[in-house]
Amino acid sequence: MSKLVTIFGGSGFVGRYVARRMAKQGWRVRVAVRNPNEAMFVKPYGVVGQVEPVLCNIRDDASVEAALQGASAAVNCVGILMPKGKNTFDAVQEQAPGRIGRLAAKNGVGKVVHVSAIGADVNSESTYSRTKALGEEALLAAFPSAVILRPSVIFGNEDQFFNRFAQMAQLSPILPLVGAETRFQPIYVDDVAQAVEQAVLTDVEAGVYELGGPDVMTFRQLMRLMLGVIRRRRLLANIPFGVAGIMASVSELAAKMTLGLVPPVITRDQVADLKSDNVVSDDARGLNAFGIEATDIESVLPDYLWRFRPSGQYAAIKESAKNLREI
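Residues numbered from 1 in each chain as written. Predicted model: local features only at pLDDT ≥ 70, side-chain atom pairs only at ≥ 80, totals over all residues. Heavy atoms only, no water.

Novice: I keep staring at the overall build of the protein and nothing clicks. Help me out?
Specialist: A tally of helices and strands in the protein yields eleven helices and 13 strands. The C-alpha atoms of the protein give 21 Å as radius of gyration, which agrees with the globular expectation for 327 residues (20 Å, within 12%). For the protein, the C-alpha atoms occupy an extent of roughly 70 × 55 × 40 Å along the three principal directions. Burial statistics for the protein: of 327 residues in total, 50% are counted as buried. Sequence separation of at least 24 residues holds for 76% of the intrachain contacts in the protein that already meet a minimum separation of 6. A total accessible area of about 16,100 Å² is found for the protein, and carbon and sulfur atoms account for 53% of it. (Helix = DSSP H or I, 4+ residues; strand = E, 2+ residues; numbered from the N terminus. Rg over C-alpha atoms; globule rule 2.2 N^0.38 Å. Buried < 20%, exposed > 50% of the residue type's maximum accessible area, 1.4 Å probe, protein only. Contact = heavy atoms within 4.5 Å. Areas by Shrake-Rupley, 256 points an atom, 1.4 Å probe, with all protein chains shown as cover.)

Structure, rendered in structure tokens:
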């Protein structure tokens, strides 16, 4: 019988790419998620019965242990950008990795791979980054041979970064940027998934790896690149961190007063996180440790941002038609 991998958050942005890759490797894939009915799209990644969504609450020991039964490997792709209800940063990003590691060790799981984030730091001003680091520590304490991957901002068809700002550019002549000079090293989602795949399939050394693409760019430069791809001109307005903090406080208050019906545009925690560069450290192990060549950002963005162009799918045809001359 083929080996089984349990992927926590296997229907999410990164998780679905990991699930697809592991299915192609012939593994049985258990996609552990909060809402299995919303994850049925992963089933065609393999043959009938190879990829199965199952209900799992990563805040609960019994639920996590059930999801790990019979697994040879476990991958944790669960993370949140802002807390909601019981899914707090502490519960999801600090406690859950330790729980997965502890129960994986108890149930004889051979390998554990955890997707964290660049910037994870126990001393960070950002709760997001601080809990990411505490979660890594809890995982390694429970499962010392775990492999931890820290990607920079991840881009790809379903991302919440370029898609979000491209959508804003459709509606507004101005794009407000908090931390316009903060540097990022965007990495393609399938490169991250391939690193997870290699961490599961090969004997890579345990510990932390930082993943970034071939280019380091400021927030402002990334937005200029995005605007060029979608053929739009917009004013890029840098918002000072002090002003952004006030805006975030007001936005969070509005969300609280509407009981979450109006989600915050930005949070104070995100403002704090944007104060630090999000790039691979000079001495960090990275994609090269897995034999992976990073995908260039400019080769991917047009594949999914074309829909935000003024003419959408017909933009290329119209641009080509301009070059035609009457005979």
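Novice: Would you mind showing me how to read the pattern of salt bridges here?
Specialist: It is possible for side chains of opposite charge to pair when their charged atoms get near one another. The tally for this structure, following the rule as stated, stands at 15 salt bridges. A salt bridge links Arg285 to Glu205, with the nearest nitrogen and oxygen atoms 3.5 Å apart. Residue Arg285 is located in the loop between helix 9 (268–273) and helix 10 (301–305), and its partner Glu205 is located in the loop between helix 6 (189–201) and strand 11 (207–211); the two are separated by 80 residues in the primary sequence. (Salt bridge = Lys/Arg side-chain N within 4 Å of Asp/Glu carboxyl O.)

Novice: What is the right way to look at the side chain of Ser251 in this model?
Specialist: The topology assignment puts Ser251 in helix 8 (residues 241–257). Given the relative accessible area of 12%, Ser251 is considered buried. Once residues lying within four places of it in the same chain are set aside, the contact partners of Ser251 are Pro264, Val265 and Ile266.

Novice: Just to check I follow, could you spell out the sheet that holds strand 3 (residues 51–55) for this structure?
Specialist: If you trace the seven strands from one edge of the open sheet to the other, you get 3-2-1-4-5-6-11, paired in parallel fashion. The sheet is open, and its two borders are formed by strand 3 and strand 11, each paired with just one other strand. Averaged over all pairs of adjacent strands, the angle between their axes in this sheet comes to 20°, without regard to strand direction. For strand 6 (residues 147–151) and strand 11, the ladder comprises five bridges, and the chain directions are parallel. Note that in strand 11 the partner of Arg150 across the bridge is Glu210. (Pairing = 2+ DSSP bridges. Axes fitted to C-alpha atoms, helices over the stretch in contact; angles between N-to-C directions.)

Note that every value here comes from positions in space, so none of it alone points to a role or purpose.
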